[in-house]
Amino acid sequence: MTSVSATNLASTKLIGANATDREKLSAAAKQFEAVFVRQMLSAARKADFGGDDLFGGQALDTFREMQDNNFADITAQTGALGFAAKIEAQVARFLPSSQTSQKAK
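What you are looking at is a predicted structure, and each value in this text was computed from that prediction instead of being measured.

Draft legend 1. Broad picture of the overall build of the protein chain. Scanning the protein chain from N- to C-terminus turns up 4 helices and 0 strands. In sequence order, the protein chain lays out its α and β elements as α-α-α-α. Taken over 105 residues, the protein chain has a buried fraction of 26%. Partitioning the contacts of the protein chain with sequence separation of at least 6, the portion at a separation of at least 24 is 79%. Total accessible area on the protein chain is roughly 7400 Å²; 59% of this is exposed by carbon and sulfur atoms.

Structure (structure tokens):
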């Protein structure tokens with residue numbers, strides 16, 4: 001399983017202290033989607049089809065993990081899967097009404 005650390009989430013958009021709750025919610029939802037995609041990719045990489053990689057080893061594993069992390073971050077930022085948008089819409093119902101009408105950037 002891929003570990004979740006600050007370096008894995010480093011490429012996500014950092015939100016300033018003066019951000020609205022809706023902007024913070026949007027960023028958190030995107031981070032959650034990135035973590036979810038990382039977990040899916042990690043599980044998919046565990047599949048063993050019985051072949052020995054000619055160029056396998058720890059270096060290749062590290063490269064693939066970095067590649068998967070980058071893919072997960074890009075997927076979450078672009079909203080390609082739509083998980084973040086659904087999570088944000090569900091949780092936004094609990095924000096004060098003045099902030100739910102504001103559109104997150």
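From this point, the discussion proceeds with the structure in view.
Draft legend 2. Inspection of the pattern of salt bridges at higher detail. A full pass over the atoms with the stated rule returns 3 salt bridges. In this structure, Glu88 engages Arg22 in a salt bridge whose closest nitrogen and oxygen atoms are separated by 2.7 Å. Linking Glu88 in helix H3 (residues 83-92) with Arg22 in helix H1 (residues 21-45), this pair joins segments that are 66 residues apart in sequence. Like Arg22, Glu88 is buried. A salt bridge links Arg38 to Asp73; the nearest nitrogen and oxygen atoms lie 2.4 Å apart. Here Asp73 lies in helix H2 (residues 58-78) and Arg38 lies in helix H1, a separation of 35 residues in the sequence.

Draft legend 3. Highlighting the packing of aromatic side chains. Considering all chains together, one arrives at 1 aromatic pair under this definition. Between Phe36 and Phe83, the ring centres sit 5.2 Å apart and the planes meet at 90°, which makes this aromatic pair edge-to-face. Within this pair, whereas Phe36 is found in helix H1, its partner Phe83 is found in helix H3, the two being separated by 47 residues in sequence.

Rules and cut-offs
Residues numbered from 1 in each chain as written. Predicted model: local features only at pLDDT ≥ 70, side-chain atom pairs only at ≥ 80, totals over all residues. Heavy atoms only, no water. Helix = DSSP H or I, 4+ residues; strand = E, 2+ residues; numbered from the N terminus. Buried < 20%, exposed > 50% of the residue type's maximum accessible area, 1.4 Å probe, protein only. Contact = heavy atoms within 4.5 Å. Areas by Shrake-Rupley, 256 points an atom, 1.4 Å probe, with all protein chains shown as cover. Salt bridge = Lys/Arg side-chain N within 4 Å of Asp/Glu carboxyl O. Phe/Tyr/Trp six-rings, centres within 6.5 Å; stacked < 30°, edge-to-face > 60°.

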